[in-house]
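Descriptive analysis of the structure
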Amino acid sequence: MKRKVAPYEAEKRCQAQVILLHSWHMNTGQETWTAVDGFLDQSLLTSDPVLDAALEASAAAGLPAIQVTPCQGKLLQILAQLHRARRILEIGTLGGYSTIWLARALPPGGQLITLEVSQKYAEVASRNIARADLSSLIDLRVGPALATLPKLAAEGRGPFDFIFIDADKETTPDYFSWALKLSRPGTVIVVDNVVREGAIIDAGAHAGVQGTRRMLESIANTPGLSATAVQTVGSKGHDGFAIAIVGAHAPH
Ligand code: SAH
Ligand code: DHB
Ligand code: MG
């Protein structure tokens, strides 16, 4: 049976509801970002046993869970598809999660080269890539990327259509220079983690942020590059991507 609510109590309840509603609308913290990411994944991304298995195997092997989010992986895939990228370079493989998203954008005959310093991570990635049935498209090179990149150049592997930079942040300016050397007019370069919870605006922040700041400066000082950056929030917190496209007059 419904109990009749005294007017005062009803008003209190109503106030509580208004506060709840208000706090919902004002809710801009990590919990909301994570919940919204979950909602968007569920709404737009079809469940994918191969990607789930890659995440599980990476976690089981003790890899840090610092891969792109599912929606970010899909963003990378869509960017590569939009660009009809046939040759993709990735710096920073981890367990191959972003690698799988990107490789799935490749047309027949396309190829992706991904660079990873850790033998252990590379072994996990290699198994994840095999499970995704992508081994024939992906060339995973183990070693410090700064040692591998000159080898790729010497082998005549460039130019790449799409380059994703996502390794140690201190070295990002060097990776960006190599990306330009391995580019052609029209190459798209995406760099992960350019915001780091806002630390990017702190000139005294740690070495990783310093690296990212120098990379942004070098983008700005390179003629013939057109670039932007977008902040992101989601299950990985507040961060962002820089996106540059190489123009006709950029140095290679
Ligand atoms: N792109 C991955 C995440 C990469 S995390 C994804 O989103 O799924 C960054 C990776 O860069 C780590 O696996 C780390 O081992 C690797 N890394 C760090 N220093 C490196 C170096 N000098 N050369 C190549 N890879 C490096
Ligand atoms: C972290 C996140 C990344 O995307 C990355 O490439 C490296 C580190 C992090 O959250 O620590
Ligand atoms: Mg990253």
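Let us look at the structure shown here. (Residues numbered from 1 in each chain as written. Chains lettered and ligands numbered in written order. Predicted model: local features only at pLDDT ≥ 70, side-chain atom pairs only at ≥ 80, totals over all residues.)

1. What to know about the sheet that holds strand β4 (residues 162-165)
- Overall, mixed pairing links the 7 strands, which are arranged β3-β2-β1-β4-β5-β7-β6 in an open sheet. Each edge of the open sheet is held by one strand with a lone partner, namely β3 (138-142) and β6 (225-234). Between one strand axis and the next, the sheet turns through 15° on average, direction left out of account.
- Sheet analysis places strand β2 (residues 111-116) next to β3, joined by 5 bridges and oriented parallel. By the bridge assignment for β3, Leu112 is matched with Ile138.
- Against the sheet, helix α4 (residues 70-82) touches β1 (87-91), β4, β5 (188-192) and β6, its axis set at about 170° to β5.
- Strands in contact with helix α8 (residues 172-181) are β1, β4, β5 and β7 (237-246); relative to β4, the strand with the most contacts, it is inclined by about 170°. (Pairing = 2+ DSSP bridges. Helix = DSSP H or I, 4+ residues; strand = E, 2+ residues; numbered from the N terminus. Axes fitted to C-alpha atoms, helices over the stretch in contact; angles between N-to-C directions. Contact = placed C-beta atoms within 7 Å.)

2. Quick notes on the site of ligand 1
- Among the 19 residues in the neighbourhood of ligand 1, the closest are listed as Gln67, Gly92, Ser98, Ala145 and Asp168.
- Its residues placed into classes, the shell around ligand 1 shows 10 nonpolar, 6 polar and 3 charged. (Near = placed C-beta within 6 Å. Nonpolar A, V, L, I, M, F, W, Y, C, P; charged D, E, K, R; others polar.)

3. Overview of the nonpolar core
- In this structure, Ile88, Leu102, Ile165 and Ala179 are the most contacted members of the largest nonpolar core, which totals 58 residues.
- Apart from residues lying up to four places away in sequence, Ile165 is in contact with Ile91, Thr172, Tyr175, Phe176, Ala179, Ile189, Val191 and Asp192. (Core = buried A, V, L, I, M, F, W, Y, C linked by C-beta atoms within 7 Å. Buried ≥ 20, exposed ≤ 12 C-beta atoms within 10 Å, placed from the backbone.)

4. What to know about unusual backbone geometry
- For the peptide bond that leads from Gly158 to Pro159, omega is -10°, which places it in the cis range.
- One can find Pro159 in the loop between α7 (145-154) and β4.
- At Leu94, a residue that is not glycine, the phi angle is positive and equals roughly 55°.
- With phi around 45°, Arg196 is a residue other than glycine that occupies positive phi space.
- The residue Arg196 is located in the loop between β5 and α9 (207-221) in this model.
- Taking the number of C-beta atoms within 10 Å as the measure of exposure, Arg196 has 19 and is therefore partly exposed.

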